[in-house]
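# An overview of the molecular structure
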Amino acid sequence: MTTTRFAPSPTGHIHVGNLRTALFNYLIARKTGGQFILRLDDTDQERSKQEYVDGIKRDLEWLGLHWDREERQSLRLDRYAEVARQLRADGRLYEVFETPTELDLKRKKQLNMGKPPVYDRTGLHLSDDDKTRLRAEGREGYWRFKLDLERIEWVDGILGDISIDAASVSDPVLIRADGQVLYTFASSVDDTDMGVTDIVRGSDHVTNTATQIQIIKSIGGTPPSFAHHSLLTGAKGEELSKRIGALSLKDLREAGVAPEALLSLMARLGSGQPVTLAGLDELAEAFDLSQFGASPTKFDAEDLWPLTRERNQSLPFATLRDRILALGVPEDQAERFWQVASQNITTLEDLAGWWRICSEGADPQVEPEDAEFIAQAMTMLPPPPYTDATWGEWTQQVKEATGRKGKGLFMPLRKAVTGQAHGPDMSQFMPLLQVVKARG
């Protein structure tokens with residue numbers, strides 16, 4: 001059975017870059033009838049907060065990305081300690097004491113000598129007496145994984161054949177001096193224990209994959225299939241990280257983006273497939289990692305609005321009845337209001353604006369050159385209620401009285417009545433109007 005996972009860190013709100021990873025893993029699981037795990041990487045107790053856990057779940061549920069299992073790394077600390085003891089006994093985990101400053105000096109020296117800036121394994125040669133002396137100096141030890149110095153190879157589901165020389169990579173730090181287990185270690189243990197078979201993540205994790213393959217093998221596991229999708233950039237190719245605050249799923253949801261619009265765009269962006277509005281089942285059926293390339297993928301949030309408009313305008317009245325009634329629309333007018341307003345909205349929040357025009361009247365938009373014309377026309381408009389015939393009868397009467405016709409007749413009247421240059425068919429809209437401010 002295919003098992004995938006999404007492993008966010010609950011230290012902030014998830015954004016479109018995180019969503020791409022979550023969605024790809026979700027679609028793979030659904031397409032194969034497998035299992036999708038939500039695994040919270042919450043070992044950083046200082047930065048991990050329950051409010052972010054709740055936010056991650058709320059975002060995924062909003063999108064319909066329902067998980068089959070939930071795991072929390074903070075509940076698995078005993079398991080990580082057990083595996084760490086095994087690795088120490090096997091000589092694969094060793095204690096080191098260098099400070100960040102010392103490591104930086106070593107890297108600079110290696111670069112000046114034309115060597116790769118990798119850790120020199122000084123810690124491997126420390127005796128027990130050396131370690132005792134270093135601790136007496138106030139130093140705290142932390143733990144690195146000893147890589148086998150060989151080529152690490154795998155067939156990446158997006159990037160193709162990958163080969164990394166372990167000698168060009170520093171032995172990764174797995175456990176900090178304060179005992180906190182780091183992502184590379186905890187993730188490897190979890191993927192092994194939880195039977196994860198497929199992992200899709202960003203291309204910034206390629207080097208992590210090389211080290212995790214060795215860690216997984218060292219604890220008796222079988223490495224899963226890996227695929228690394230390209231990173232998102234802004235519409236002009238700029239680093240998305242500089243704008244990520246405006247692209248959290250929370251902000252997009254609150255701005256009125258439709259979940260189907262976001263899913264449809266993110267499931268196809270960067271592939272050879274056209275972006276069209278689709279449901280999760282359809283997206284899963286057509287999902288194919290081989291369609292995606294390695295080049296950075298441009299993301300423009302503006303592309304979400306046409307898809308959002310298409311989705312919202314196609315919704316049946318029954319799904320929005322309660323929302324429309326909550327605006328104050330009388331029950332006997334609710335369906336008519338939806339039929340009239342629906343083709344003139346982008347977000348569902350736009351409905352409130354159209355009902356406000358109906359119930360409170362719009363601030364008229366009158367160009368100076370039309371002021372006299374509008375004043376005369378409004379004397380011919382009776383007070384509400386109106387019928388389907390009101391707009392035609394009124395505009396005919398105004399036409400005969402003023403000689404205006406075409407756009408010069410209809411546009412100033414529309415703007416005076418609705419405050420908008422565009423909108424619903426006025427014959428259909430007039431019966432919904434309870435107030436017309438332009439009448440004075």
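Up top is the structure.
The text that follows walks through the structure, step by step, so that each part is easy to find.

Quick notes on the rules
Residues numbered from 1 in each chain as written. Predicted model: local features only at pLDDT ≥ 70, side-chain atom pairs only at ≥ 80, totals over all residues. Heavy atoms only, no water. Buried < 20%, exposed > 50% of the residue type's maximum accessible area, 1.4 Å probe, protein only. Helix = DSSP H or I, 4+ residues; strand = E, 2+ residues; numbered from the N terminus. Arc of directions from axis to C-beta. Contact = heavy atoms within 4.5 Å. Pairing = 2+ DSSP bridges. Axes fitted to C-alpha atoms, helices over the stretch in contact; angles between N-to-C directions. Phe/Tyr/Trp six-rings, centres within 6.5 Å; stacked < 30°, edge-to-face > 60°. Right-handed = clockwise from strand over helix to strand, strands pointing away. Parallel < 35°, antiparallel > 145°, perpendicular 65-115°, else oblique. Left-handed = near helix turned anticlockwise from the far one by under 90°. Core = buried A, V, L, I, M, F, W, Y, C linked by side-chain atoms within 4.5 Å.

### A word on helix α14 (residues 350-360)
Residues L351, W354, W355, I357 and C358 constitute the buried set of α14. Projected onto a plane normal to the axis of α14, the buried residues spread over an arc of 150 degrees and lie on a single side. Elements in contact with the buried residues of α14: α12 (317-326), α13 (331-341), α17 (407-418) and α18 (426-429). Two residues or fewer after α14 comes G361, characterised by a positive phi angle close to 85 degrees.

### Quick word on the sheet that holds strand β3 (residues 69-72)
On the basis of which strands lie adjacent, the open sheet formed by three strands has the order β1-β2-β3 and parallel pairing. Only two strands of the sheet have a single neighbouring strand rather than two, namely β1 (3-6) and β3. Across the sheet, the axes of successive neighbouring strands diverge by a mean angle of 30 degrees, strand direction being ignored. Across four bridges, the pairing between strand β2 (residues 35-40) and β3 is parallel. Note on β3: the bridge partner recorded for R39 is E71. Helix-sheet contacts for helix α1 (residues 16-31) involve β1 and β2, and the interaxial angle to β1 is about 160 degrees.

### Focus: the environment of D42
Counting through the fold element by element, D42 comes out in the loop between β2 and α2 (50-63). The class of D42 is buried, set by a relative accessible area of 2%. In this structure the C-alpha to C-alpha distance between D42 and P10, which are 32 residues apart in sequence, comes to 6.2 Å. The residues contacting D42, other than those within four sequence positions of it, are P10, S48, R72, Q73 and S74.

### Looking at the packing of aromatic side chains
Using the criterion set out here, one finds nine aromatic pairs in the structure. Taking 5.8 Å as the distance between ring centres and 70 degrees as the angle between the ring planes, the aromatic pair formed by W391 and W394 counts as edge-to-face. With W391 and W394 both in helix α16 (residues 390-402) and three residues apart, the pair spans about one turn of that helix. Judged by its relative accessible area of 9%, W391 is buried. When its relative accessible area of 2% is taken as the criterion, W394 is described as buried.

### Remarks on the pairing of β1
Every second residue of β1 is oriented toward a common face, with T3 and R5 on one face and T4 and F6 on the other, all of them buried. As judged from the four bridges shared by β1 and β2, these two strands associate in the parallel manner. Within β2, the position partnered with F6 by the bridge is L38. One crossover worth recording links β1 to the parallel β2 by way of α1, and it is right-handed.

### Regarding the packing of helix α9 (residues 259-268) against helix α11 (residues 304-313)
Relative orientation of the contacting elements α9 and α11 amounts to 130 degrees, with a least axis distance of 8 Å. Taken together, the axis directions place α9 and α11 in an arrangement best described as oblique. In the packing of α9 onto α11, the handedness of the crossing is right-handed. Residues P259, E260, A261, L262 and L265 of α9 pack against L304, L307, T308 and R311 of α11.

### Quick look at the sheet that holds strand β4 (residues 93-96)
Taken together, three strands build an open sheet; the order of strands is β4-β5-β8 and the sheet is antiparallel. Two strands bound the open sheet, and with one partner strand each, they are β4 and β8 (173-175). For this sheet the average axis-to-axis angle between neighbouring strands, irrespective of direction, equals 45 degrees. Bridge count between β4 and strand β5 (residues 142-145): four bridges; the pairing is antiparallel. From the neighbouring strand, L93 faces β5, where its bridge partner is F145. With respect to the sheet, helix α3 (residues 77-89) is in contact with β4, β5 and β8, its orientation differing from that of β4 by roughly 90 degrees.

### Quick word on the nonpolar core
One finds V16, L23, L27, L60, L65, L262 and F299 to be the most contacted residues of the largest nonpolar core, which totals 48 residues. Elements represented by at least two residues in this core include exactly α1, β2, α2, α8 (249-254), α9, α10 (280-286) and α11. Aside from chain neighbours lying at most four places away, what touches L27 is A267, L280, L283, A284 and F287.

### Quick notes on unusual backbone geometry
Cis geometry marks the peptide bond from P384 to P385; its omega dihedral reads 5 degrees. Following the sequence through the fold, P385 ends up in the loop between α15 (371-378) and α16.

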